[in-house]
Amino acid sequence: MNTTTDGLSLPNTPYTSRAVYLTPSNGFGNQLPKVPSHIFVAERDQAFNPATGTAIINLDLSDELKTAYPATTPNLLARYVRVKAGETQCLNLTTAGEVYYLLEGVGSIAKGEDLINWVEGDSVCLPGGGETVITAKDTDCVIYSVTDEPTLSWHGAESPATKSGPIEAVHYPGDEVMRLLSDVQQRETEEEMTGRFVLFTNAGAQTTNTVTRTISLAINSLEPGGIQTPHRHNAAALTLCLGGSDVYSMIEGEKVQWQRHAVMVTPPAELHAHHNEGEDMMLSLVAQDGGLFYNARAVGFSFD
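Procedures and definitions
Residues numbered from 1 in each chain as written. Predicted model: local features only at pLDDT ≥ 70, side-chain atom pairs only at ≥ 80, totals over all residues. Heavy atoms only, no water. Core = buried A, V, L, I, M, F, W, Y, C linked by side-chain atoms within 4.5 Å. Buried < 20%, exposed > 50% of the residue type's maximum accessible area, 1.4 Å probe, protein only. Contact = heavy atoms within 4.5 Å. Pairing = 2+ DSSP bridges. Helix = DSSP H or I, 4+ residues; strand = E, 2+ residues; numbered from the N terminus. Axes fitted to C-alpha atoms, helices over the stretch in contact; angles between N-to-C directions. Expected span 1.5 Å × (residues − 1). Arc of directions from axis to C-beta. Phe/Tyr/Trp six-rings, centres within 6.5 Å; stacked < 30°, edge-to-face > 60°.

Peer 1: Would you mind showing me how to read the nonpolar core here?
Peer 2: Soluble, globular proteins show a tendency: their nonpolar side chains are buried together. Tyr80, Tyr144 and Leu240 are the most contacted members of the largest nonpolar core, which totals 38 residues. Ignoring anything within four residues of it in the chain, the contact list for Tyr144 reads Leu59, Ala78, Arg79, Tyr80, Val99, Tyr100, Tyr101, Leu103, Leu238, Leu240, Val263 and Leu285. Formed by 15 residues, the second largest nonpolar core is a distinct cluster that contains Val83, Val124, Ala136 and Cys141.

Peer 1: Would you mind showing me how to read the sheet that holds strand 15 (residues 216-222) here?
Peer 2: Taken in spatial order, the six strands make up an open sheet running 3-20-17-22-15-14, and their pairing is antiparallel. The outermost strands of the open sheet, each flanked by one partner alone, are strand 3 (38-40) and strand 14 (196-200). Sheet twist, expressed as the average angle between the axes of neighbouring strands with direction ignored, equals 20°. Sheet topology places strand 17 (residues 237-243) next to strand 22 (residues 282-288); six bridges connect them, and they run antiparallel. Paired with Cys241 across the two strands is Ser284, which belongs to strand 22.

Peer 1: Can you help me understand the environment of Ala71 in this one?
Peer 2: Residue position: Ala71 is located in the loop between helix 2 (62-65) and strand 5 (77-83). Counting along the chain gives 202 residues from Ala71 to Ala273, while the straight-line C-alpha distance between them is 24 Å. Aside from chain neighbours lying at most four places away, what touches Ala71 is Leu59, Asp60, Leu61, Ser62, Leu65, Leu76, Leu77 and Pro150.

Peer 1: Hey, could you run me through helix 4 (residues 174-186) in this one?
Peer 2: Note: α-helices contain 3.6 residues per turn, so residues at a spacing of three or four share the same orientation. For helix 4, which comprises 13 residues, the first-to-last C-alpha distance of 18 Å matches the rise-based estimate of 18 Å (1.5 Å per residue) to within 8%. Along helix 4, the residues that are buried comprise Gly174, Val177, Leu181 and Val184. With its buried residues spanning 80° around the axis, helix 4 presents them on a single face. Turned more than 90 degrees from where helix 4 packs its buried face, Asp175 and Gln186 sit exposed. On the buried face of helix 4, the contacting elements are strand 13 (170-172), strand 14, strand 15 and strand 22.

Peer 1: I keep staring at the packing of aromatic side chains and nothing clicks. Help me out?
Peer 2: Two measures describe an aromatic ring pair: the distance that separates the ring centres and the angle between the ring planes. Applying the stated criterion to the full structure yields three aromatic pairs. Measuring from ring centre to ring centre gives 4.8 Å for Tyr172 and Phe200, while their planes differ by 10°; the resulting arrangement is stacked. On the criterion of sequence distance, the pair formed by Tyr172 in strand 13 and Phe200 in strand 14 is long-range, its members being 28 residues apart. The class for Tyr172 is buried, based on a relative accessible area of 11%.

Peer 1: What is the right way to read the environment of Ile251 from this model?
Peer 2: Mapped onto the elements, Ile251 comes out in strand 18 (residues 247-251). Classification of Ile251 as buried rests on a relative accessible area of 3%. For the pair Ile251 and His272, spaced 21 residues apart in the sequence, the C-alpha separation amounts to 4.3 Å. Each residue touching Ile251, except ones within four places of it in the same chain, is listed here: Ser37, Val256, Met264, Val265, Thr266, Pro267, Glu270, Leu271 and His272.

Here you go:
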């Protein structure tokens, strides 16, 4: 039996034995590991090596994050998928939404009754649940993917039923995206910006300006000689370098050199800016866990 301060006796039960109480003396002692700044070069090289064959290559920082499941950031898992010509790769992921970008090749991506033919530069958003089937046609395909698997793993949750979730399959053709981006780049503005970008969304996620309820996705650009205004936000960012030479980021005073088709992690709330000292336009695909912060009304964006 337990005894309260007023002398009442309380029974010991399996439920009371699970209770943990914190006070000012120990309430702030549990410190989670920081999200590290990181660039995935070895994984990029493996993904673009024909000898790799058909494979899934996770961008996994779970050791640094101390998670019991693969994670690139606490809420997102990125990966490369390589599929040999004429072959198929199937993924059965526990997600609420999935994002795919075709880096190289021609093929198709399918889930349930949805079948999308795509080419290099196209992006696809799929609902969570069920099997995702990626097929390469006459040449090998290299795909970049971002999902919210760590978010569901943390909750111990399952994927929603494909037909009942808020997200439906969406295709963002690269030619259309680049046409829109060209229009943005030609506009004259004195507004302070973090780049000239095209942000992806759809009917299932418009309230948060995201591509799934968790993931925000954009193609960003920076002209030769351009420097972003330093800024910070609560969402972690996964930046995939698509184009540009001599591009680097300053993240809390540390320089991170970009490498084509490699993914860079920008930790949440850290001051950062991109610099383009090359002669070509910088292009990147940026994925963030922004939907969670939009929904919490805690985006935390600021220029410094």
